[in-house]
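Next come the chains, spelled out residue by residue.
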Amino acid sequence: MTLQQRFDPQRLLAAACEETGSDDFGDGLGLAGWQAALQRVTDGLINDARLSDIGVEIAHLDLMRALKNRLDVVAWRRQHPEVADESIRQPIFIVGQPRTATTILYDLLAQDPELRAPLTWEVDAPCPVPKPVSYHDDPRIAQTQAGIELSEQIMPGFLAFHPMGALVGQECVRITAGAFTSMIFSVQYRLPSYYRWLLYEADHAPAYRYHRIFLQHLQSGVSGQRLLKSPAHLWQLGALLAEYPDALIVQTHRDPLNVISSIAALTHHLRRMCSDESSIAECAAQSYEEIVAGLEREMALRAGGAVPAGRVIDVQYTDFMNDPWSTINDIYQRLGRDLSPVAAQRMRDFLTAHPGDGGRGRYTWSDTGLDAGEVRERVRAYQERYSVPTEQLR
């Protein structure tokens, strides 16, 4: 089968429908535009991604999982119409540039029993809806963990770059993959046309609508105040707040130059899982464009009042890394929440079990091929706006 046939959208749709026994992709739920977005992803995989043989299989599995999960979630909603009545109240979104401690902050806050992060296993296999009685021993957990460990075998060191686990909170880009308007594709695969469309032209409203539908699905099984995370939200705060007008936002801040070199190294590492042709410099050029656009966009939204000031808690990367507990206590105070002894102890236990290594030795600025002076000038307004300290380049 040719690459064109392998990623032909109609073949993918037919296969997903056959495997799930459903053909309702939720077009009546305000989710327009997803087929055109899927076409952009598949065009990029065929023409731009430079996939290896194993990369073809991984990409095909990614698309099929997204399509089948979408079909399953919509079918479940049709069969259980009460799911549509689930209310997602004051969801907490952790946003910020990639590689600014959003993940460890997310993992720590997720230890609070009163907060509910979507776990990797339930995002990857959402049907039947997860239930409290089997939430920690559902057979889907072991299946999901096996897939994660297979990724580590294919690309040793992957989990050191970006820790994952079946029982760990998953990012929202894995959910919006079902709308095919998601940064997950343009990070994992070389898709230059797609990432620019995503950055400058795409309508993200249907993706956030699908995001809510997915959360309602999970909420109908196990309730709780939603805790969510993705750096990708930084680029779309307007669309996020249009869908979740009562959202609470925690935004992390860090010197963008070390962010760019770090995310470029991670992106390169991810792409090498699916392609034999990737370079850190090419990944860095994309990251540079995206980071600058994202920072300028969010500053304009916040300065213009589109993001209510009282809804955003700003967190400095350096402060958090130097004293995580002061940062967490401040977040809870700003949220008007009490940090219970049980939640605090669970957070401390998690941090002890996952100390991290700071990513040292995995990236350097010199690998990016970018002019530090030029980039520094482009991000100067951001650093001044949020008093972000300049770090020594690695």
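Conventions we followed
Residues numbered from 1 in each chain as written. Predicted model: local features only at pLDDT ≥ 70, side-chain atom pairs only at ≥ 80, totals over all residues. Heavy atoms only, no water. Helix = DSSP H or I, 4+ residues; strand = E, 2+ residues; numbered from the N terminus. Rg over C-alpha atoms; globule rule 2.2 N^0.38 Å. Buried < 20%, exposed > 50% of the residue type's maximum accessible area, 1.4 Å probe, protein only. Contact = heavy atoms within 4.5 Å. Areas by Shrake-Rupley, 256 points an atom, 1.4 Å probe, with all protein chains shown as cover. Lys, Arg positive; Asp, Glu negative; His and termini not counted. Charge placed at Lys NZ, Arg CZ, Asp CG, Glu CD. Pairing = 2+ DSSP bridges. Axes fitted to C-alpha atoms, helices over the stretch in contact; angles between N-to-C directions. Expected span 1.5 Å × (residues − 1). Core = buried A, V, L, I, M, F, W, Y, C linked by side-chain atoms within 4.5 Å. Salt bridge = Lys/Arg side-chain N within 4 Å of Asp/Glu carboxyl O. Phe/Tyr/Trp six-rings, centres within 6.5 Å; stacked < 30°, edge-to-face > 60°. Left-handed = near helix turned anticlockwise from the far one by under 90°. Nonpolar A, V, L, I, M, F, W, Y, C, P; charged D, E, K, R; others polar.

- Under an unreviewed UniProt entry, the name given to the protein chain is Putative sulfotransferase, and the source organism is Mycobacterium parmense.

1. Quick look at the overall build of the protein chain
Thought 1: Helices and strands together make up the secondary structure of the protein chain, namely 19 helices and 5 strands.
Thought 2: Here the protein chain has a C-alpha radius of gyration of 20 Å; the compact-globule value for 394 residues is 21 Å, and the two agree.
Thought 3: Overall size of the protein chain, expressed as C-alpha extent along the three principal axes, is 55 × 45 × 40 Å.
Thought 4: Within the protein chain, the proportion of its 394 residues that are buried is 57%.
Thought 5: Long-range pairs, those at least 24 residues apart, make up 79% of the contacts in the protein chain with a sequence separation of at least 6.
Thought 6: Accessible area for the protein chain stands at about 16500 Å²; split by element, carbon and sulfur atoms hold 50% of it.
Thought 7: Side chains of the protein chain give 38 positive and 50 negative charges; the mean places of these two sets differ by 2 Å.

2. Things to note about the sheet that holds strand β1 (residues 92-96)
Thought 1: Sheet architecture is open: 5 strands sit in the order β2-β3-β1-β4-β5, paired in parallel fashion. Looking at strand neighbours, the two that pair on one side only are β2 (115-116) and β5 (312-316), the edges of this open sheet.
Thought 2: Relative to strand β3 (residues 225-229), β2 runs parallel, the two being bridged by 2 bridges. The residue of β3 that forms the bridge with Arg116 is Arg226.
Thought 3: Packing against the sheet, helix α12 (residues 205-219) makes contact with β1, β2 and β3, and its axis sits at approximately 135° to β3.

3. A few points about the environment of Gln216
Thought 1: Following the sequence through the fold, Gln216 ends up in helix α12.
Thought 2: Owing to a relative accessible area of 4%, Gln216 belongs among the buried residues under this scheme.
Thought 3: As a C-alpha pair, Gln216 and Glu82 span 134 residues in sequence and 9.8 Å in three-dimensional space.
Thought 4: Those residues in contact with Gln216 that lie beyond four places of it in its chain are Arg77, Val83, Ala84, Glu86 and Ile88.

4. Some thoughts on helix α15 (residues 280-303)
Thought 1: Spanning 24 residues, α15 covers 34 Å between terminal C-alpha atoms, matching the ideal 34 Å at 1.5 Å per step.
Thought 2: Gly305 sits one or two positions beyond α15 and adopts a positive phi of about 85°.

5. Observations concerning the nonpolar core
Thought 1: Ranked by size, the top nonpolar core spans 61 residues in total, and within it Leu45, Leu51, Leu63, Leu67, Phe180, Phe185 and Tyr189 carry the most contacts.
Thought 2: Elements that contribute at least two residues to this core include exactly α2 (9-20), α3 (34-47), α4 (53-79), α10 (183-188), α11 (192-200), α14 (256-271), α15 and α19 (372-386).
Thought 3: When residues in this core are grouped by element, the largest group, 8 residues, is from α4.
Thought 4: Residues in contact with Leu51, not counting those within four places in the same chain, are Phe7, Leu45, Val56, Ala59, Tyr189 and Cys274.
Thought 5: Grouped together as the second largest cluster of nonpolar side chains are 28 residues, Leu29, Val73, Phe93 and Ala247 included.

6. Here we look at the pattern of salt bridges
Thought 1: The tally for this structure, following the rule as stated, stands at 17 salt bridges.
Thought 2: Where Glu19 meets Lys68, a salt bridge forms, and the shortest distance between an N and an O atom there is 2.8 Å. Highlighted residues: Glu19 in helix α2 and Lys68 in helix α4, separated in sequence by 49 residues.
Thought 3: On the basis of relative accessibility, which here comes to 25%, the residue Lys68 falls in the partly exposed class.
Thought 4: In this structure, the salt-bridge partner of Arg140 is Asp138, at a minimum N-O distance of 2.9 Å.

7. Comments concerning the packing of aromatic side chains
Thought 1: Across all of its chains, the model carries 9 aromatic pairs by this definition.
Thought 2: Where Tyr210 meets Phe214, the ring centres are 6.2 Å apart and the plane angle is 65°; that geometry is what we call edge-to-face. Taken together, the residues Tyr210 and Phe214, both in helix α12 and 4 residues apart, mark about one turn of the helix.
Thought 3: For Tyr210, a relative accessible area of 1% translates into the label buried.
Thought 4: Among the residues examined, Phe214 registers a relative accessible area of 2% and is labelled buried.
Thought 5: Among the aromatic residues, those joined into a cluster by ring pairs are Phe25, Trp34, Phe180, Phe185, Tyr194 and Trp197.

8. Some remarks on the side chain of Glu243
Thought 1: Position of Glu243 among the secondary structure elements: in helix α13 (residues 237-243).
Thought 2: For Glu243, the contacting residues outside a window of four places in its chain are Tyr208, Arg209 and Arg212.

9. Here we look at the pairing of β5
Thought 1: Most of β5 is tucked away: 4 of the 5 residues are buried.
Thought 2: Where strand β4 (residues 248-253) meets β5, 5 bridges bridge the pair, whose relative direction is parallel. Residue Ile249 lies in a different strand from β5, and its bridge partner there is Val312.

10. Observations regarding the packing of helix α5 (residues 102-109) against helix α17 (residues 324-335)
Thought 1: At a closest axis distance of 12 Å, the pairing of α5 and α17 adopts a crossing angle of 65°. The hand of the α5/α17 crossing is right-handed. Counted together, Leu105, Leu108 and Leu109 of α5 and Ile328, Ile331 and Tyr332 of α17 form the full contact between these two elements.
Thought 2: Split by residue class, the contact of α5 with α17 holds 6 nonpolar, no polar and no charged.

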